[in-house]
Amino acid sequence: MAKTALQFRHNGSEVAIFVDGGTNLLVALRELIGDITPKFGCGQGGCGTCSVLIDGELHLSCLTLAETVAGRSVETLDSLKQGANLHPLQRAFAENFAAQCGYCTPGMLMAAKALLDRNPSPSRAEVVEAISGNICRCTGYEPIINAILAASGGRVSA
């Protein structure tokens, strides 16, 4: 099978790789670029743990063909931190105990970033809707919702 040249921006840096036809973006990011922050979960688009931003919009990388990001911008969880400085969302997740086993954390953070980028002051209902495509098996969602609200400067329920 012939490989296809693929160029795109990954977390602000231009990258060029060769992919096999049918390779999904998750495999390209993890195996070809070495960015292991999007996690493999269900592989069927049901869990959200592989979520990334493509040109600022939330996408499931396990369901996205790598070739479709040619010339586009892909942001993963690794794009949030600046050196040792955590992004406000990452700090809020730590301070609100929103990350337990860590399975859902990358997807939750990327869904939260997508939400806050387009709506810096969401309501609780808007936060719930924004993370609805992500499965969490540990927290019961409340700490995650509270963390996102805290990062937005909104009220956190007790």
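Residues numbered from 1 in each chain as written. Predicted model: local features only at pLDDT ≥ 70, side-chain atom pairs only at ≥ 80, totals over all residues. Heavy atoms only, no water.

(A) Geometry of the pairing of strand β1 (residues 3–10). As defined by bridge partners, β1 adjoins strand β2 (residues 13–20) across 8 bridges and the pair is classed as antiparallel. Bridge assignment links T4 to a residue of β2, and that residue is V19. Adjacent in sequence and paired antiparallel, β1 and β2 are bridged by 2 residues, among which N11 carries a positive phi angle near 55 degrees. Two strands pair when backbone bridges link them, and β1 and strand β5 (residues 73–75) are joined in this way by 2 bridges, in the parallel orientation. Residue pairing across strands places R9 opposite S73, the latter belonging to β5. (Pairing = 2+ DSSP bridges. Helix = DSSP H or I, 4+ residues; strand = E, 2+ residues; numbered from the N terminus.)

(B) View of the packing of helix α3 (residues 105–118) against helix α5 (residues 142–152). Interhelical geometry of α3 versus α5 gives an angle of 35 degrees and a closest axis separation of 11 Å. Seen along the crossing, α3 lies across α5 with a hand that is right-handed. Between α3, through M108, A112, L115 and L116, and α5, the contact on the second element is made entirely by I144, I148, A151 and S152. A class-by-class count of the residues in the contact of α3 with α5 yields 7 nonpolar, 1 polar and no charged. (Axes fitted to C-alpha atoms, helices over the stretch in contact; angles between N-to-C directions. Left-handed = near helix turned anticlockwise from the far one by under 90°. Contact = heavy atoms within 4.5 Å. Nonpolar A, V, L, I, M, F, W, Y, C, P; charged D, E, K, R; others polar.)

(C) View of the environment of V27. With respect to the secondary-structure elements, V27 resides in helix α1 (residues 25–33). In this structure V27 comes out as partly exposed when scored by relative accessible area, which is 30%. (Buried < 20%, exposed > 50% of the residue type's maximum accessible area, 1.4 Å probe, protein only.)

(D) Geometry of the state of the cysteines. Scanning all chains against the criterion turns up 0 disulfides. Left without a disulfide partner, C50 is nearest to the cysteine sulfur of C62, which lies 3.7 Å away. On the accessibility criterion, C50 (3% relative accessible area) is buried. Left unpaired, C101 is separated from the closest cysteine sulfur, that of C138, by 3.6 Å. Owing to a relative accessible area of 55%, C101 belongs among the exposed residues under this scheme. (Disulfide = S-S within 2.5 Å.)

(E) Up close: the sheet that holds strand β3 (residues 51–54). Taken in spatial order, the 5 strands make up an open sheet running β2-β1-β5-β3-β4, and their pairing is mixed. Unpaired on one side and paired on the other, β2 and β4 (57–60) mark the two borders of the sheet. Across the sheet, the mean angle from the axis of one strand to that of its neighbour is 40 degrees, orientation sign disregarded. Set on the sheet, α1 makes contact with β1, β2, β3 and β5; between it and β2 the angle comes to about 105 degrees. Running over the sheet, α3 touches β3, β4 and β5 and is turned about 35 degrees from β3.

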